[in-house]
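Single-letter residue listing:
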Amino acid sequence: MIYRGAFVTALLLWSLPAGAQSVDAGGPLYRVHCYPCHGQEGESVPGVSFRSGQYRRASTDEELSRIILGGIPGTGMPPTNLSADERRNLVAYLRSMHSTGESAKGAGDAARGMAIFDGKGACLNCHRVRGKGSRMGPDLSDVGALRNAAYLEKALTDPNDAIAPANRFVRVVTKDGTAISGRRLNEDTHTIQLIDEKERLVSLNRSELREVVLVKTSPMPGYREKLSAQEMTDVVSYLLSLKGSQ
Ligand code: HEC
Ligand code: HEC
């Protein structure tokens, strides 16, 4: 992946470098600014279908970006004040909704995916779904509302390439030499909170730490060899069906 180096740097700087285009960065923007009207699959506005990849009012990325900035006067499509980089990331995300739309539903069997998730995949050893499982990895109860199929597939096959900033693992060493690794939940100027490998919430004062290192590899194993292509598709379908506890 071309921007992977840049992506890692970006996480360290907490912002994307100018010019980089990132589907991952576009997802959260879509969720905040577009999802309320266009919906999860981009199908909620009559006559508009992001999944189809066809736009009535735009063909190029430039034109899409212009619509996002200016809205469509005289219609329900409002203008935004998103920056050029944010619009670029959103356009990348809109385009990805097309390429992943078909695999999103049709191919997999969510019930079989759930059996794999709870059974042979042993996903509950690290993840939690609706109150069941471990807190070591992120809670996946509403992952289907937050992520698209392409993202989920990538999370399963190449976990190191698809770590969301909020799920970063850090390794800290205290002044007395104790090393603690865990998933970063929160941090501010003075403290840092982790869920450690025994699922304990740990809050540390920065002044007591000798070092804090972002771990660039995910503790999550890749499933390319462990699951067949069909099993992978089933698991992704199951994950897409997780949209919070209704
Ligand atoms: C308040 C509701 C609303 C929000 C929020 C909204 N849209 Fe729209 N959008 C619409 C409506 C309604 C249309 C259809 C306008 C028309 O053509 O009549 C539309 C049309 C579009 C189109 C043109 C589709 C085509 O076929 O040419 C694009 C692209 C688009 N929206 C992208 C976005 C993006 C990206 C966001 C988030 C930044 C967003 N919209 C936020 C309501 C909204
Ligand atoms: C050894 C622990 C472990 C196991 C087993 C594991 N995961 Fe993970 N998983 C993690 C951790 C830690 C993260 C957060 C870091 C990352 O994104 O790689 C994660 C991230 C994810 C994400 C991305 C979540 C997001 O919103 O970014 C998905 C999806 C996921 N796992 C699904 C699965 C599925 C499905 C299985 C079983 C087939 C599984 N995981 C097994 C530890 C694990």
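See the structure above.
Below is a summary of the structure that appears in this document.

Reading the values: rules and limits
- Residues numbered from 1 in each chain as written.
- Chains lettered and ligands numbered in written order.
- Predicted model: local features only at pLDDT ≥ 70, side-chain atom pairs only at ≥ 80, totals over all residues.
- Heavy atoms only, no water.
- Pairing = 2+ DSSP bridges.
- Helix = DSSP H or I, 4+ residues; strand = E, 2+ residues; numbered from the N terminus.
- Axes fitted to C-alpha atoms, helices over the stretch in contact; angles between N-to-C directions.
- Near = heavy atom within 4 Å.
- Polar contact = N/O pair within 3.5 Å; in protein donor to acceptor, adjacent residues only side chain to side chain.
- Nonpolar A, V, L, I, M, F, W, Y, C, P; charged D, E, K, R; others polar.

Let us now look at the sheet that holds strand S4 (residues 179–187). Pairing is antiparallel across the open sheet formed by five strands, whose spatial order is S6-S5-S4-S3-S7. Of all strands in the sheet, those bounded by a partner on one side alone are strand S6 (201–205) and strand S7 (209–215). Going across the sheet, the axis of each strand differs from the next one's by a mean of 40 degrees, ignoring polarity. Pairing of strand S5 (residues 191–196) with S6 involves five bridges; the strand directions are antiparallel. In the strand pairing of S6, Gln193 is matched with Ser203.

In the vicinity of ligand 2, 29 residues are found, and the nearest of them are Cys123, Cys126, His127, Ser218 and Met220. At 2.8 Å, a side-chain N or O of His127 approaches a nitrogen atom of ligand 2. With respect to ligand 2, the side chain of Ser218 contributes an N or O atom lying 2.5 Å from an oxygen atom. Those elements that place two or more of their residues in the shell around ligand 2 are helix H8 (149–157) and helix H9 (229–240). Top contributing element to the shell around ligand 2 by residue count: H8, with four residues. Across the shell around ligand 2, the residue classes break down as 23 nonpolar, five polar and one charged.

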